[in-house]
Amino acid sequence: MTTAFFHDERSLWHGGGNYAFTLPVGGLVQPGAGLPENPETKRRLVNLMRVTGLIDDLAAQSAPEATREDLLRVHPAAYLDAFKALSDAGGGELGRRTPFGPGGYEIAALSAGLAKAALFAVLEGRATNAYALTRPPGHHCLPDWPNGFCLLNNIAVAIRAAQAAGLARRIAVVDWDVHHGNGTEAVFWTDPDVLTISLHEEFNYPYDTGAAEARGEGPGTGFNLNIPLPAGTGHAGYLDAIERLVIPALRRFAPEAIVVACGYDASAYDPLGRMLASADTFRQMTARLKSAAEELCDGRLILTHEGGYSEAYVPFCGHAVLEALSGSPRTAPDPMAEIVAARQPRPEGQTHVLDRIRALEAPFFA
């Protein structure tokens, strides 16, 4: 089995604006360290993989930028032109919390290109599965409005390119980022050929999207599944949601490939989430989706990097995912495993979470 790993140092040179956490600097907001979305979580993951040797067990490579033709299948020309013009003029901000510097357009196109290359490598049989270390992330970006640190919708660009090339038609997206995948939902809202499933902390970001009742529209009705989870869901809750809701939905849809929007901001140490997942949670979710992909679509599983803002902990979560994806024996033991285990919900809290998950089974599978 070959696991392809797509990464390019240039994607880590994307720069944000003058922020303190998620607040623009000015007035009573003192200058700070910048946006939580920064290159170090990704760079430290790659460095950890080099130290353990895991990267040597992967087919590590870069990829070209997504072409304008690729981008136009998802984003209108007016948006791309405005993005390119502002990028060439030194950068700025087009949406909400999506600042970029000079060359931001090209870096975002490179990020989308990494996602596209990962999907193509698997669909063309050059890799069994793949991981794309994409930055900037993409799952919040709507066709004509960037938000949530996302400038282009990487996964949507990759899927539309694969469909246009005749490599696949029915593709499933599983988004376990702690925030609702509102951009990916919007792109495929009326499309019955793309199943979108988002597991996210309820009322986090965006606070007004991601309800379980949002199921798609027209021919896409029933092909958008939202799984809003209560804060503090924890390890057992995530695995229960995967087993009870995600995998049965995948079986019913019968995809030709599964793409995961792999955010790590559901971890217990993330500043933008409150979900108490551990590195092992991400390992186990990957293992379960890998088994589902082997059952349903010859193992065609692609993960693209989304959120995750704990510089110290994201590398261990990502390493665990890539261990499970590749089958490599090289490990990076979780230094916080004992503490995260001790912080999991008490039995009554777990019962509440599991009841919430089970309540979605009937409407999802009616």
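Look up: the structure comes first, before these words.
Computed from a predicted model, the values in this text were never measured in an experiment.

A. View of the packing of helix α3 (residues 77-88) against helix α4 (residues 104-123). As a packed pair, α3 and α4 sit with axes 7 Å apart at the nearest point and diverge in direction by 125 degrees. It follows that α3 is oblique to α4 by the angle criterion. Each of Leu 80, Phe 83, Lys 84, Ser 87 and Asp 88 in α3 lies in contact with α4, whose residues at this interface are Gly 104, Tyr 105, Glu 106 and Ala 108. Taken together, the residues that form the contact of α3 with α4 break down as four nonpolar, two polar and three charged.

B. Here's a closer look at the packing of helix α8 (residues 279-296) against helix α9 (residues 314-326). Relative orientation of the contacting elements α8 and α9 amounts to 25 degrees, with a least axis distance of 8 Å. Compared by their axis directions, α8 and α9 come out roughly parallel. In the packing of α8 onto α9, the handedness of the crossing is right-handed. Taking contact as the criterion, the partners of Ala 279, Phe 282, Arg 283, Thr 286, Ala 287 and Lys 290 in α8 are, on α9, Phe 316, Cys 317, Ala 320, Val 321, Glu 323, Ala 324, Leu 325 and Ser 326. For the contact of α8 with α9, the residue count by class is nine nonpolar, two polar and three charged.

C. Focus on the environment of Cys 150. Mapped onto the secondary structure, Cys 150 falls in the loop between β7 (129-132) and α5 (154-164). Taking the relative accessible area as the measure of exposure, Cys 150 reaches 0% and is therefore buried. Expressed as a C-alpha distance, the spacing of Cys 150 and Ala 108, which sit 42 residues apart in the sequence, is 8.7 Å. Discounting chain neighbours no more than four positions away, the residues touching Cys 150 are Thr 98, Pro 137, Gly 138, His 139, His 140 and Cys 141.

D. Representation of helix α11 (residues 347-358). Look at α11: 16 Å from first C-alpha to last across 12 residues, which is about the 16 Å you get at 1.5 Å a residue. Taken residue by residue, α11 has Val 353, Leu 354 and Ile 357 as its buried positions. Projected onto a plane normal to the axis of α11, the buried residues spread over an arc of 95 degrees and lie on a single side. Next to the buried residues of α11 lie β10 (224-229), α7 (234-253) and α12 (361-365).

E. Quick look at the sheet that holds strand β12 (residues 301-305). Taken in spatial order, the eight strands of this open sheet run β4-β1-β7-β12-β11-β8-β9-β10, and their pairing is parallel. Each having just a single partner strand, β4 (59-61) and β10 make up the two edges of the open sheet. Between one strand and the next, the sheet's axes are offset by a mean angle of 15 degrees, whatever the strand orientation. Two elements, strand β11 (residues 257-262) and β12, share five bridges in a ladder whose sense is parallel. By the bridge assignment for β12, Val 260 is matched with Leu 303. The sheet contacts of α7 involve β8 (171-175), β9 (194-201), β10 and β11, and relative to β9 the element is tilted by about 170 degrees.

F. Representation of the packing of aromatic side chains within the structure. All chains considered together, the criterion is met by nine aromatic pairs. On the numbers, 6.2 Å between centres and 90 degrees between planes, the contact of Phe 364 with Phe 365 is edge-to-face. Here the aromatic residues Tyr 79, Phe 83, Phe 100 and Tyr 105 are joined through ring pairs into a cluster of three or more. Here Lys 116 stacks its cationic end above the ring of Phe 120, 5.4 Å away from the centre of that ring. Here the basic side chain of Arg 170 rests over the ring of Phe 253, its NZ or CZ set 4.0 Å away from the ring centre.

G. Region of the structure containing the nonpolar core. Counting residues in hydrophobic clusters, the biggest one holds 61 residues, and the most contacted among them are Tyr 131 and Leu 199. The element contributing the most residues to this core is α7, with 10 residues. Every residue in contact with Tyr 131, bar those within four places of it in the chain, is listed here: Ala 4, Phe 5, Phe 6, Leu 45, Cys 262, Tyr 264, Leu 303, His 305, Val 321, Leu 322 and Leu 325. Among the nonpolar cores identified, the runner-up in size contains 48 residues, and Ala 108, Val 122, Val 187 and Val 194 belong to it.

H. Fine view of the pattern of salt bridges. One pass over the full model with this rule turns up 24 salt bridges. Note that Glu 69 is salt-bridged to Arg 73, the shortest N-O span being 3.5 Å. When its relative accessible area of 55% is taken as the criterion, Glu 69 is described as exposed. With a closest N to O distance of 2.9 Å, Arg 288 and Glu 243 form a salt bridge. Taken together, the positions of Arg 288 in helix α8 and Glu 243 in helix α7 put the pair 45 residues apart, joining distant regions of the chain. Arg 288 gets classed as partly exposed once you look at its relative accessible area, which sits at 23%. Ionic contacts of the salt-bridge type, sharing partners, join the residues Glu 69, Asp 70, Arg 73 and Lys 116 into one network.

Thresholds, definitions, all that
Residues numbered from 1 in each chain as written. Predicted model: local features only at pLDDT ≥ 70, side-chain atom pairs only at ≥ 80, totals over all residues. Heavy atoms only, no water. Axes fitted to C-alpha atoms, helices over the stretch in contact; angles between N-to-C directions. Helix = DSSP H or I, 4+ residues; strand = E, 2+ residues; numbered from the N terminus. Parallel < 35°, antiparallel > 145°, perpendicular 65-115°, else oblique. Contact = heavy atoms within 4.5 Å. Nonpolar A, V, L, I, M, F, W, Y, C, P; charged D, E, K, R; others polar. Left-handed = near helix turned anticlockwise from the far one by under 90°. Buried < 20%, exposed > 50% of the residue type's maximum accessible area, 1.4 Å probe, protein only. Expected span 1.5 Å × (residues − 1). Arc of directions from axis to C-beta. Pairing = 2+ DSSP bridges. Phe/Tyr/Trp six-rings, centres within 6.5 Å; stacked < 30°, edge-to-face > 60°. Lys NZ or Arg CZ within 6 Å of the ring centre and 35° of its normal. Core = buried A, V, L, I, M, F, W, Y, C linked by side-chain atoms within 4.5 Å. Salt bridge = Lys/Arg side-chain N within 4 Å of Asp/Glu carboxyl O.

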